[in-house]
Structures are given as structure tokens and as C-alpha cells.
Number of protein chains: 2
Amino acid sequence: MADYDHPASESLTLLGVLRGLADPIRLEIVQHLGSVPEASCAALLGDRPRSSMSHHFQVLRESGLLHTRIQGVQHFNSLRKADLDLRFPGLMEAILAG
Amino acid sequence: MADYDHPASESLTLLGVLRGLADPIRLEIVQHLGSVPEASCAALLGDRPRSSMSHHFQVLRESGLLHTRIQGVQHFNSLRKADLDLRFPGLMEAILAG
DNA sequence: GGTTTAATTCGACTTTGATCGAACAATATC
DNA sequence: GATATTGTTCGATCAAAGTCGAATTAAACC
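Definitions and cut-offs
Residues numbered from 1 in each chain as written. Chains lettered and ligands numbered in written order. Predicted model: local features only at pLDDT ≥ 70, side-chain atom pairs only at ≥ 80, totals over all residues. Heavy atoms only, no water. Core = buried A, V, L, I, M, F, W, Y, C linked by side-chain atoms within 4.5 Å. Buried < 20%, exposed > 50% of the residue type's maximum accessible area, 1.4 Å probe, protein only. Contact = heavy atoms within 4.5 Å. Phe/Tyr/Trp six-rings, centres within 6.5 Å; stacked < 30°, edge-to-face > 60°. Lys NZ or Arg CZ within 6 Å of the ring centre and 35° of its normal. Helix = DSSP H or I, 4+ residues; strand = E, 2+ residues; numbered from the N terminus. Least-squares fit on C-alpha atoms with pLDDT ≥ 70 in both. Pairing = 2+ DSSP bridges. Axes fitted to C-alpha atoms, helices over the stretch in contact; angles between N-to-C directions.

(A) Spotlight on the nonpolar core. With 52 residues, the main nonpolar core has Ile29, Leu91 and Ile95 of chain A together with Ile29, Leu91 and Ile95 of chain B as its most contacted residues. When residues no more than four places from it in sequence are discounted, the contact partners of Leu91 of chain A are Leu14 and Val17 of chain A together with Leu91, Ala94 and Ile95 of chain B.

(B) Examining the packing of aromatic side chains more closely. A full pass over the atoms with the stated rule returns 0 aromatic pairs over all chains. Arg61 of chain A extends its terminal NZ or CZ atom over the ring of Tyr4 of chain A, reaching a point 3.7 Å from the ring centre.

(C) Representation of the side chain of Ser9 of chain A. All names here are of chain A. Tracing the sequence through the fold places Ser9 in the segment before α1 (14-21). What makes Ser9 buried here is its relative accessible area of 10%. Residues within four places of Ser9 in sequence aside, it is in contact with Arg80, Asp83, Leu86 and Arg87.

(D) Local environment of the environment of Ser52 of chain B. Residue and element names in this part refer to chain B. Mapping Ser52 onto the fold places it in helix α4 (residues 50-62). Assessed through its relative accessible area of 32%, Ser52 is described here as partly exposed. Note: C-alpha distance between Ser52 and Gly98 (46 residues apart in sequence) is 24 Å.

(E) Up close: the relation of the copies chain B and chain A. The operation relating chain B to chain A is a screw motion whose rotation component is 180°, with 0.0 Å of axial translation and a residual RMSD of 0.0 Å. Both copies are brought into coincidence by an operation consistent with a two-fold rotation axis. Of all interface residues in chain B, 100% are interface residues in chain A too; the two copies therefore contact each other through one and the same surface.

(F) Region of the structure containing the sheet that holds strand β1 (residues 39-40) of chain B. Residue and element names in this part refer to chain B. Ordered by their spatial adjacency, 3 strands build an open sheet running β1-β3-β2, and the pairing between neighbours is antiparallel. Edge positions in the sheet fall to β1 and β2 (66-71), since each of these pairs with one other strand and no more. Pairing of β2 with strand β3 (residues 74-79), which is carried by 6 bridges, proceeds in the antiparallel orientation. Looking at the pairing, Gln71 lines up with Gln74 of β3. On top of the sheet, α4 reaches β2 and β3; it is set at about 120° to β2, its chief contact.

That is the geometry; function is a separate question.
Below, the structure written as C-alpha cells:
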């Protein structure tokens, strides 16, 4: 499967990032990813339907919060902390502390 | 007119604050209020319908971002920066810098 | 090739949220 | 009291976003 194209850090907008964070499931995913280097989709699934989670992963990718690395059949997700720190200093630290 | 009841700072949630910020008009209001002590609704109105703006003021109040002081017929709005800093350190600084 | 596993895409449905005119409430002023 | 000003509330409408089963893609493995 082809890689995803993630938006460049310069093109990220504060509004877009805030929209990405403004959902309970996505905020939970982001906060989880704040404490681990990366996690597969399955590891973040919980007991929710896969299709719902796929939607949230897509929103997180498009808003620039999440990077997805494909390895075989698994997708490993990580927080784009360095990019976000560069673009919006202090933001993720505050989010992950909450 | 009776005062509004603003939520206590302890009861604010990160998700609620993020939801409050995740709208272009509200983010603009918040960022504007970051640079002035307070502003009346009229001063923040722009060319938008009053009823639309009233809705956004309500959302901002309920999420704990905004405090409204009533003086006569005017409503003076201010950012609840001290409360937000206490509850979510660094968050508003990052938002206002964006 | 067939099967299992991981995750997405599609499509339909539902829910949430934004928009905004019209009516209303409250204060100030003449 | 009448009028103008400031802002809210109501109610209807519309658009955006979340939900999730079923079908699909892709890789791994026997």
C-alpha cells in the first residue's frame, strides 16, 4: 500500500489543529501518543468500530497531528511533536499535560 | 439584566476549551481578546449578524474561555486568561501566539 | 492459491453545530 | 412615556461531522 502524504509543517494551521483536537476520541488518541513513540491502529482501537477509528486517523493526519508509517500490514501512528512544536510552540506540551 | 454564570475554573475541561476554540470566528474573538483588556460585543461584531455572534459568545462563555461583564446595556467581554493559565498552563500563550 | 490479519473505503444514516431573520428584553436618553 | 441602542432568544434551515456495517485492499503465512 502506498504511503500517505502528510501535510508539510509550514502548511499547518492553528484552526486545523484545534479542529483535529476537538473530539473526545481524537484527543484521547493524541494524548496516548504523547506517552509512546508510536502505536498501531489496533493498539489504539479499544472496543470501537474500525471504520470509525479510520475516520479519526484520517482527520488527525490531515490536520497534521499524526504521522502514519506503514510497515507490512500494520500502520504505526506517531504524534508529529517536532513539527507541531516548531509551528505552534508550547501547544502540544499544554495539550499533553491536560 | 442578570449576570451570566460562568463555569468555575476547576470545572473547565480541555476538550471543552478546544471545542470552544475550534471555530474560525471564535478563534478570532479569542485572539483579539488576547490583546485588549476587554471589548464590547459591538466592538467584536464586524459585519456579521448579531444573532450569530451571540451564539458564539455563549459557546465561549460555556467553555470557560470568556467572561462577560454587564454594564448598562453593554456587555464587556474578556478572556479568562488567569483561570485558563491555572487550569491549562501554557495553552493560551500558544493559542495567542498563533 | 487460499486464509488470516490489519486497516481503509464506501455509502447511508444520524447527530451536532452554524447561520440568521424576527421578536424580545433591558437600559439609556430625550 | 416614546424612542433608540445593545444584545439575547427563538425557531427554522442548512451544512458539517461522527457512526458504523459491508465490501475492499494489501500484506503475511501456511
